[in-house]
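Each chain, written out:
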Amino acid sequence: MAVELLGMDTSSDAVVGGRWELDGVQYVIRRAWNEREASWVVSLYTEDLAPIVVGAFARTGVDLLDNCAAAGRPPGRLILEDVSGAGAELTFDGWGRTHRLVYREPRTTEEA
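Overview of the structure. Within each chain, residues carry numbers counting from 1 in the order of the written sequence. Reporting of local features is limited, given that this is a predicted model, to residues whose pLDDT is at least 70; pairs of side-chain atoms are given and counted only at 80 or more, and all residues count toward the totals for whole chains, interfaces and linings. Side-chain metrics rest on all non-hydrogen atoms present in the structure, leaving aside hydrogens and water.

Re the overall build of the chain
Each helix and strand in the chain was counted, giving 0 helices and 7 strands. Mapped from its N terminus to its C terminus, the chain presents α and β elements in the order β-β-β-β-β-β-β. By the burial criterion, 38% of the 112 residues in the chain qualify as buried. In the chain, once contacts between residues fewer than 6 apart in sequence are set aside, the share between residues at least 24 apart is 34%. On the chain, roughly 6300 Å² of surface is accessible, and the fraction owed to carbon and sulfur atoms is 49%. Each helix is a run of H or I in the DSSP string that is no shorter than four residues. Each strand is a run of E no shorter than two, and both are numbered from the N terminus. Working definition: with a 1.4 Å probe on protein chains only, accessible area under 20% of the residue-type maximum means buried, over 50% means exposed, and in between means partly exposed. Pairs of residues are marked as contacts when any of their non-hydrogen atoms sit within 4.5 Å. The protein chains shown are the only cover counted for residues, whose accessible areas, like all others here, come from Shrake-Rupley with a 1.4 Å probe.

Here is the structure:
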């Protein structure tokens, strides 16, 4: 199952965040525009703001939680999806228009 996280937020604010429930646990997710790299970065924190992933570059199709072994890490995948079908990377004004951030819950043995 996929949970859309930041896809509905179409503002072009340089820093945006909020709270989401992933697999029954509350998390804080922030996105910020990195002017130098001309790219969005995403950070994930526990509900009490302990960092899990900080400043991960948002790349199309890449799991932002890959290689993350931090305590409190959700078991699924956090992926930036291109919903335009163009296969392009996310631009400054692309959130909710061309791209969305989704959380994909881990598969159960019945689904595998």
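And the narrative resumes.
What about the nonpolar core?
It is characteristic of soluble globular proteins that their nonpolar side chains tend to be buried jointly. In this structure, Val42, Leu44, Val53, Trp95 and Leu101 are the most contacted members of the largest nonpolar core, which totals 21 residues. Elements supplying a minimum of two residues to this core: strand S2 (15-22), strand S3 (25-34), strand S4 (39-46), strand S5 (51-57), strand S6 (77-82) and strand S7 (99-104). We define a nonpolar core as any set of buried Ala, Val, Leu, Ile, Met, Phe, Trp, Tyr and Cys residues linked to one another through side-chain atoms lying within 4.5 Å.

Some details on the pattern of salt bridges
Salt bridge, as used here: a side-chain nitrogen of Lys or Arg that lies within 4 Å of a carboxyl oxygen of Asp or Glu. By the definition in use, this model includes 2 salt bridges. Salt-bridge contacts for Arg104 lead to Glu81; the nearest nitrogen and oxygen are separated by 2.3 Å. With Arg104 in strand S7 and Glu81 in strand S6, the pair connects residues that are 23 residues apart, well separated along the chain. A cluster of three or more residues bridged by salt bridges with shared partners is formed by Glu81, Arg100 and Arg104.

Remarks on the environment of Tyr45
Among the structural elements, Tyr45 can be located in strand S4. Measuring from C-alpha to C-alpha, the distance between Tyr45 and Arg19 comes to 9.4 Å, with 26 residues separating the pair along the chain. The residues contacting Tyr45, other than those within four sequence positions of it, are Tyr27, Val28, Arg30, Ala50, Pro51, Ile52 and Val54.

Some details on the packing of aromatic side chains
For this analysis, a ring pair means two rings from Phe, Tyr or Trp (six-membered ring only for Trp) whose centres lie within 6.5 Å, classed as stacked if their planes differ by under 30 degrees, edge-to-face if by over 60, and tilted for the remaining angles. Taken as a whole and assessed by the stated rule, the structure comprises 4 aromatic pairs. Judged by centre distance (5.5 Å) and plane angle (10°), the rings of Trp40 and Phe92 are stacked. Pair noted here: Trp40 is in strand S4 and Phe92 is in the loop between S6 and S7, with a separation of 52 residues, a long-range link. For Phe92, a relative accessible area of 30% puts it in the partly exposed group. Centroid distance Trp40 to Trp95: 6.0 Å. Interplanar angle 75°. Geometry classified as edge-to-face.

Quick look at the environment of Leu44
Note on placement: Leu44 falls in strand S4. Remark: the alpha-carbon pair of Leu44 and Gly17, spanning 27 residues in sequence, is separated by 9.7 Å. Those residues in contact with Leu44 that sit more than four places away from it in its chain are Tyr27, Val28, Ile29, Ala50, Pro51, Ile52, Val53, Leu65 and Pro74.

Regarding unusual backbone geometry
Negative phi characterises most residues that are not glycine, and trans characterises most peptide bonds. One non-glycine residue, Asp23, lies in the positive phi region at around 50°. Position of Asp23 among the secondary structure elements: in the loop between S2 and S3. A relative accessible area of 34% places Asp23 in the partly exposed class. Residue Leu49 is not a glycine yet carries a positive backbone phi of 70°. Among the secondary structure elements, Leu49 is positioned in the loop between S4 and S5.

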